[in-house]
Amino acid sequence: MKIVAADVIVTSPDRNFVTLKITTDDGLTGLGDGTLNGRELAVASYLADHVVPLLIGRDPHRIEDTWQFLYRSAYWRRGPVTMAAIAAVDVALWDIKAKAAGMPLYQLLGGASRTGVMAYGHASGRDIPELFDSIRNHLELGYRSIRVQTSVPGINAVYGVAAQPGPDGKRYDYEPAQRTPLPAEEDWDTRAYLRHLPGVFEAVRNEFGPELPLLHDGHHRMTPIQAARLGKDLEPYDLFWLEDCTPAENQEALRLVRQHTTTPLAIGEVFNTVWDYQTLIREQLIDYVRSAVTHTGGITAMRKLLDFAAQYQIKSGIHGPTDISPVGMAAALHLDLAIHNFGIQEYMQHGPLTNEVFRQSFTFADGYLHPGEQPGLGVELDEQAAARFPYTAAYLPFNRLKDGTVHDW
């Protein structure tokens with residue numbers, strides 16, 4: 001079997017996606033997700049101009065060899081653009097291999113380790129009553145684990161809080177990329193956030209009881225000592241995890257956080273290789289790996305990363321917002337189902353236009369996801385539908401402090 005074509009498809013139903021479609025001389029096709037939120041065209045160009053010419057004529061079954069070739073032959077390694085491009089190729093090749101075998105992908109990864117994949121949803125509110133309504137709505141949708149984000153008095157716009165209806169007219173928790181010519185500017189005040197948040201979780205626990213797993217995303221905005229304070233302040237409310245409490249490029253900074261709190265920590269949605277985790281995993285400074293299959297070199301690399309984490313009793317918490325396409329989500333679900341050290345899966349439901357372009361076999365019921373039993377990933381791309389939604393420039397926001405200093409968003 002040989003690769004005879006590889007096409008980069010950029011489409012924008014609900015939001016922008018970059019998809020790689022690989023075709024073999026046997027007529028099999030495989031899909032891979034290369035979406036990088038706010039920088040989609042950089043990956044599309046990397047694939048179309050530099051990677052696709054290298055794929056023609058290659059054996060699609062040689063997945064490990066192709067991964068190493070794309071990673072090492074470029075000389076310039078790592079980085080989100082490179083690793084998203086490699087991930088797109090890797091996942092597409094796994095899709096082809098599983099289709100050739102006539103099996104759902106998780107079977108080639110060792111078979112199922114569980115009957116379903118526990119998922120969490122994103123609840124948010126501009127005040128406590130609105131937050132409670134959002135939590136109840138997510139419970140009605142079937143979620144059994146809830147991420148809680150809330151507005152903060154004195155701050156105009158806060159990451160993770162849905163204030164506007166989505167493209168279908170319904171509340172959409174939460175797509176921050178805005179289709180504007182320039183990134184939106186938001187404001188931030190860490191001290192106000194630290195004062196406000198513990199009271200929010202106290203109210204949520206009082207309303208919904210001790211059993212509901214609750215999560216929160218700090219989104220890289222605290223210093224290590226501020227993160228340590230928040231983790232300690234939230235201990236009475238028994239969080240499932242506190243995510244991205246501080247920028248973790250300085251991996252040693254998590255030592256300070258760990259010294260001061262027993263709140264479980266999740267890190268890594270902006271990471272893209274195992275090297276970003278080396279200290280964090282070896283010293284057991286985190287509890288959950290947050291990388292996305294799409295941004296971390298694909299299934300091949302993520303499986304190795306999670307096997308490394310498993311040696312230290314660290315579990316998976318794969319990134320799954322709406323800027324991970326249904327192709328990337330399906331890849332995560334097959335991996336989730338197969339690995340032993342699964343923790344939880346983030347799941348933001350895509351909008352109806354996205355579901356029209358990407359036909360999916362994975363299901364969500366009673367708090368659990370399953371990738372389905374179709375051969376391969378279980379996702380097919382409707383290229384005619386995709387062509388109706390051309391790329392539209394969109395940017396993530398950025399933060400400034402009250403004195404005008406640019407701050408982590």
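Here the structure is a predicted model, which is why all the values come from computation and not from measurement.

Caption draft 1: Here's a closer look at the environment of Val204. Relative to the assigned elements, Val204 resides in helix H6 (residues 190–208). Val204 gets classed as buried once you look at its relative accessible area, which sits at 1%. Sequence separation between Val204 and Thr24 is 180 residues, and the spatial gap between their C-alpha atoms is 52 Å. Setting aside anything within four residues of it in sequence, one finds Val204 in contact with Leu131, Phe132, Ile135, Val148, Gly209 and Leu214.

Caption draft 2: Broad picture of the confidence of the model for the chain. Scored by pLDDT, the chain has a mean of 95; 97% of the residues are at 70 or more. Taken as a whole, residues 164–172 scores under 50 in pLDDT and shows 16 contacts with residues more than four places along the chain or in a different chain.

Caption draft 3: A look at the domain arrangement of the chain. Split by domain assignment, the chain resolves into domain 1 (3–104) and domain 2 (109–373). Taking the mean C-alpha position of each, domain 1 and domain 2 sit 26 Å from one another. Listed as interface residues are 31 residues of domain 1 and, on the opposing side, 36 residues of domain 2. Interface area for domain 1 against domain 2, summed over the two sides, is near 2,500 Å², with a carbon-plus-sulfur share of 58%. Across the salt bridge formed by Arg78 and Asp276, the nearest N and O atoms sit 3.3 Å from each other. Scanning the region where domain 1 abuts domain 2 turns up 18 residue pairs in polar contact (both at pLDDT 80 or more). Those elements giving two or more residues to the side of domain 1 that touches domain 2 turn out to be strand S2 (17–24), strand S3 (29–33), helix H2 (63–72) and helix H3 (80–101). Here the side of domain 1 that touches domain 2 takes eight residues from H3, the largest share from any one element. Considering only residue class, the side of domain 1 that touches domain 2 consists of 15 nonpolar, ten polar and six charged.

Caption draft 4: Focus on the nonpolar core. Judged by nonpolar contacts, the single largest core of 110 residues is most densely connected at Ile22, Leu47, Val89, Val148, Val293, Ile299 and Leu335. If you tally residues by element for this core, the top one is H3, at twelve residues. The residue makeup of this core includes at least three contributed by each of domain 1 (3–104) and domain 2 (109–373). In contact with Val148, other than residues within four places in its own chain, are Ala123, Leu131, Ile135, Val200, Phe201, Val204, Leu214, Leu215 and His216. In this structure, Leu215, Ala266, Tyr288 and Ile344 belong to the second largest nonpolar core, which totals seven residues.

What counts, and at which threshold
- Residues numbered from 1 in each chain as written.
- Predicted model: local features only at pLDDT ≥ 70, side-chain atom pairs only at ≥ 80, totals over all residues.
- Heavy atoms only, no water.
- Helix = DSSP H or I, 4+ residues; strand = E, 2+ residues; numbered from the N terminus.
- Buried < 20%, exposed > 50% of the residue type's maximum accessible area, 1.4 Å probe, protein only.
- Contact = heavy atoms within 4.5 Å.
- pLDDT = per-residue confidence, 0-100.
- Domains from an automatic or database assignment.
- Buried area = accessible area lost by both parts, 1.4 Å probe.
- Salt bridge = Lys/Arg side-chain N within 4 Å of Asp/Glu carboxyl O.
- Polar contact = N/O pair within 3.5 Å; in protein donor to acceptor, adjacent residues only side chain to side chain.
- Nonpolar A, V, L, I, M, F, W, Y, C, P; charged D, E, K, R; others polar.
- Core = buried A, V, L, I, M, F, W, Y, C linked by side-chain atoms within 4.5 Å.

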